[in-house]
Amino acid sequence: MSTALIGLSIIQFVWIKWSIDLSEKNFNDKVQIAISRTKDKIQSDIKDNPIITYVNRPKKTTFISDEQLNLRKKIYSDTNDWERRSLDLYMGSKYGSSSSLDKINKNKLDDYIKHALDEQGIELDYDYGIFSNKLNDFLIINGNHAVTVGNSQVSDMESNKSLYKSDYQAPLFEDGENIPGYLKLYFPEKGQFLINSVLKNILSSILFTGLILFCFVYTINVIVRQKKVSEMKNDFINNMTHEFKTPIATISLASDSILNPNIIGNQDKIKRFLGIIKQENKRMLSQVEKVLQMAVLDRKDFTLNRTAVNMIEVVNQAATHTSLLVESREGIVNTHIRSDKPVIMADHTHISNLVHNLLDNAYKYSPEKPEIDITLEDKGSGVKITIQDNGIGMSSENQKNIFDKFYRVHTGNLHDVKGFGLGLSYVKAIVDAHGGTITVQSELGKGSSFIVVLPRESKKRAN
């Protein structure tokens, strides 16, 4: 999929570049046609009129209107002041050589270019000029004549580099190898125009490529999640097999013992073995109930039997039960009651199971001498239960998944922690059903804290 996506992106890029190149070629052809037609009209308009030329033309020039140009013609044709005449333009018939470029009418030139571009459907802003090879400078730029204004060595080309270097040009009045000058055009917004011409294609390409990429990432994410769920289910099946194998083996052994001729007549031993069978059967039933309970929670078809529940009683009862297990490992369970309003409307059975599961989890993942603290306190319009242990703790990655069904924190190659990975998933489902919240704070090697906040009057009800 990655290779196909990369290949598709490359093809899209090449195709878009080809579209831009094709659009540019089409644009260039239209411009060249417009320039050629303008050139033909200019050359057909030239007649034997007095020619204006330049004498001692310095590099610094400016642009003047037709009225100023006609006024200077009159002044310089009537005066004998050589210094004044040498500063500006002269009548070619008296003082210098003439050129056909000098006869070009700037007004007609502007009209010709505009009309020719309109015929080709080109509506971009443009610059144009008549360039003289003899003077190595422009005679006309954008409808203005160029004349000398002094002896400054600053070149006019600096301000007209783009027009000077433009490829859109046509030779004027060429005679064999002799080319007096060129008609040049430049389009400042050509690049943007070419992009806009294929913009819809570019946007559609980005949109659909992005959609494919999104689907690709989403698919990979789903596959990874499903792989993780599959691994957790496999672990669950293995754990369930081990959990059931022990009581089944015990029941089988007890049954065989009862059938033994040496024991069948001994009522005390029979009662003992029957007690073992009953205890192991109860253990198996408890495990089956956990699995069935999670199935019911997943289907959301359970109903909470809400009654007034005193959380102090629930916490103390759960702490007393857990203390028996903790003290067998020389540990301790500390209870801290700081609540003045411990009564909430909740399902007593599920809330009791919730607290028992959290304490059981703290016990299972604690070291040889567990230290568990249970704190009950008021929290706004509800109560807050904090269960803290000094156990192995969890990484931040484990904290993201501990409430997922079948998920269990890895303890290396040891499998000394029993369970199906359903306890915390059940706790999360019950907390959500009561409209509460549960969070965890943990650090590897420094224990964990589970914080449950339950409202006194929950608005959320299970279906």
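Check the entry above for the structure.
Attention in this report is confined to the structure presented alongside it. (Residues numbered from 1 in each chain as written. Predicted model: local features only at pLDDT ≥ 70, side-chain atom pairs only at ≥ 80, totals over all residues. Heavy atoms only, no water.)

### Focus: the overall build of the protein
Helix and strand counts for the protein come out as 13 helices and 15 strands. A burial count over the protein gives 39% of its 463 residues as buried. Counting only contacts in the protein whose residues sit at least 6 apart along the sequence, the fraction spanning at least 24 positions is 72%. For the protein, the computed accessible surface area is about 27300 Å², with 53% contributed by carbon and sulfur atoms. (Helix = DSSP H or I, 4+ residues; strand = E, 2+ residues; numbered from the N terminus. Buried < 20%, exposed > 50% of the residue type's maximum accessible area, 1.4 Å probe, protein only. Contact = heavy atoms within 4.5 Å. Areas by Shrake-Rupley, 256 points an atom, 1.4 Å probe, with all protein chains shown as cover.)

### Some remarks on the packing of helix H10 (residues 311-327) against helix H11 (residues 348-364)
With their axes 10 Å apart at the nearest point, H10 and H11 run at an angle of 35° to one another. For the element pair H10 and H11, the recorded crossing hand is right-handed. Taking contact as the criterion, the partners of Met-311, Val-314, Ala-318, Ala-319, His-321, Thr-322, Leu-325 and Val-326 in H10 are, on H11, His-348, Ile-351, Ser-352, Val-355, His-356, Leu-359 and Tyr-363. Taken together, the residues of the contact of H10 with H11 sort by class into 10 nonpolar, 5 polar and no charged. (Axes fitted to C-alpha atoms, helices over the stretch in contact; angles between N-to-C directions. Left-handed = near helix turned anticlockwise from the far one by under 90°. Nonpolar A, V, L, I, M, F, W, Y, C, P; charged D, E, K, R; others polar.)

### Examining the pattern of salt bridges
Tallied over the full model, the rule gives 11 salt bridges. A salt bridge links Asp-21 to Lys-17; the shortest N-O distance between them is 3.2 Å. Of this pair, Asp-21 and Lys-17 both sit in helix H1 (residues 2-45), 4 residues apart, roughly one helical turn. A salt bridge links Glu-443 to Lys-446, with the shortest nitrogen-to-oxygen separation between them at 3.6 Å. A relative accessible area of 45% means that Glu-443 is categorised as partly exposed. (Salt bridge = Lys/Arg side-chain N within 4 Å of Asp/Glu carboxyl O.)

### Details of the nonpolar core
The nonpolar side chains of soluble globular proteins are, as a tendency, buried together. Grouped together as the largest cluster of nonpolar side chains are 36 residues, with contacts concentrated most on Met-311, Ile-372 and Phe-450. The element that contributes the greatest number of residues to this core is H11, accounting for 7 residues. Those residues in contact with Ile-372 that lie beyond four places of it in its chain are Val-326, Ile-332, Val-333, Asn-334, Leu-359, Ala-362, Tyr-363, Ile-387, Gln-388 and Asp-389. (Core = buried A, V, L, I, M, F, W, Y, C linked by side-chain atoms within 4.5 Å.)

### Brief notes about the sheet that holds strand E13 (residues 382-388)
The strand order across the open sheet built from 5 strands is E10-E12-E13-E15-E14, with neighbouring strands paired in mixed fashion. Each of the sheet's edge strands pairs with one partner strand only, and the pair in question is strand E10 (332-338) and strand E14 (437-442). When the angles between neighbouring strand axes are averaged without regard to direction, this sheet yields 15°. Direction of pairing for strand E12 (residues 371-379) relative to E13: antiparallel, over a ladder of 7 bridges. Note on E13: the bridge partner recorded for Glu-377 is Lys-384. (Pairing = 2+ DSSP bridges.)

### Structural notes on the side chain of Arg-456
Secondary-structure assignment places Arg-456 in the segment after strand E15 (448-455). Within the structure, Arg-456 has its side chain in polar contact with the backbone oxygen of Gly-382 (distance 3.3 Å). Beyond its immediate chain neighbours, meaning those up to four positions away, Arg-456 contacts Lys-341, Val-343, Ile-344, Met-345, Asp-378, Gly-380, Ser-381, Gly-382 and Val-383. (Polar contact = N/O pair within 3.5 Å; in protein donor to acceptor, adjacent residues only side chain to side chain.)

### Quick look at unusual backbone geometry
Backbone geometry places Asn-136, a non-glycine residue, at a positive phi of 55°. Among the secondary structure elements, Asn-136 is positioned in the loop between strand E4 (127-132) and strand E5 (137-141). Positive phi values are uncommon outside glycine, yet Asn-142 reaches one of about 50°.

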